[in-house]
Amino acid sequence: MVSIIMGSDSDLPIMRQAAEVLTDFGIEIEVTVVSAHRTPERLFTYSRGAAARGVQVIIAGAGGAAHLPGMVASLSPLPVIGVPIKSRNSIDGWDSVLSILQMPGGIPVATVALDGAKNAGLLAARILGAQNEAIRNRVVAYQEELRTAVEEKYTRLERDGWQ
């Protein structure tokens, strides 16, 4: 199972992308709000209990100061993927990117691009696929779909004389 958490439900339009990818891959998900600043007790309980609930990877999206992914990583032994979100109180999203990217030694957080929840979902699938052949095969099929889509585009351009 992959847990998708966010600091506020206003992050849901971005984080939904991760949920959609994982659902398409047949991976069980849970989605919830855990605020590092407004609900610190919930953050501690959630983070310390995730593995016992069967969670294998956590995707944490946050905007602004973006402490959620790092705090979860400091409390849980599970892999954490941080999604910086460009929120209304953000400095073009850079505050979120740097807050998630610049973790101190010993507290790893994998970080995807600003608003990159789709890639967070794909990375979670690859992490799970390292030990699960069925998921790995779905990742391979997805990669083939990407290759085919690009091939169709350059073939169409060549056919139309745009070389």
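Placed above this text is the structure.
A short tour of the structure in this document, coming up. Everything numeric in this text was worked out from a predicted model, so none of it was measured. (Residues numbered from 1 in each chain as written. Predicted model: local features only at pLDDT ≥ 70, side-chain atom pairs only at ≥ 80, totals over all residues. Heavy atoms only, no water.)

What follows deals with helix H2 (residues 40–49). Within H2, burial applies to Leu 43, Tyr 46, Ser 47 and Gly 49. At its buried positions, H2 is contacted by strand S1 (2–6), strand S2 (29–33), strand S3 (57–63) and helix H3 (68–75). (Buried < 20%, exposed > 50% of the residue type's maximum accessible area, 1.4 Å probe, protein only. Helix = DSSP H or I, 4+ residues; strand = E, 2+ residues; numbered from the N terminus. Contact = heavy atoms within 4.5 Å.)

Inspection of the secondary structure assignment puts Asp 11 in the loop between S1 and helix H1 (12–24). Despite its burial, Asp 11 remains without a salt bridge, the nearest opposite charge being carried by Arg 38 at 6.8 Å. Side-chain polar atoms of Asp 11 contact the backbone nitrogen of Gly 7, separated by 3.5 Å. If near-sequence neighbours (up to four positions away) are discounted, Asp 11 is found in contact with Met 6, Gly 61, Ala 62 and Ile 85. (Lys, Arg positive; Asp, Glu negative; His and termini not counted. Salt bridge = Lys/Arg side-chain N within 4 Å of Asp/Glu carboxyl O. Polar contact = N/O pair within 3.5 Å; in protein donor to acceptor, adjacent residues only side chain to side chain.)

Attention now moves to the packing of H1 against helix H5 (residues 117–129). For any two helices packed against each other, one specifies the inter-axial angle together with the distance between the axes. Put simply, H1 and H5 touch, their axes get as near as 7 Å, and they point 35 degrees apart. Judged by the sense of rotation from one axis to the other, the crossing of H1 with H5 is right-handed. Residue-level inspection shows Ile 14, Met 15, Gln 17, Ala 18, Val 21 and Leu 22 of H1 in contact with H5, the latter providing Ala 117, Lys 118, Gly 121, Leu 122, Ala 124 and Ala 125. Across the contact of H1 with H5, the residue classes tally to nine nonpolar, two polar and one charged. (Axes fitted to C-alpha atoms, helices over the stretch in contact; angles between N-to-C directions. Left-handed = near helix turned anticlockwise from the far one by under 90°. Nonpolar A, V, L, I, M, F, W, Y, C, P; charged D, E, K, R; others polar.)

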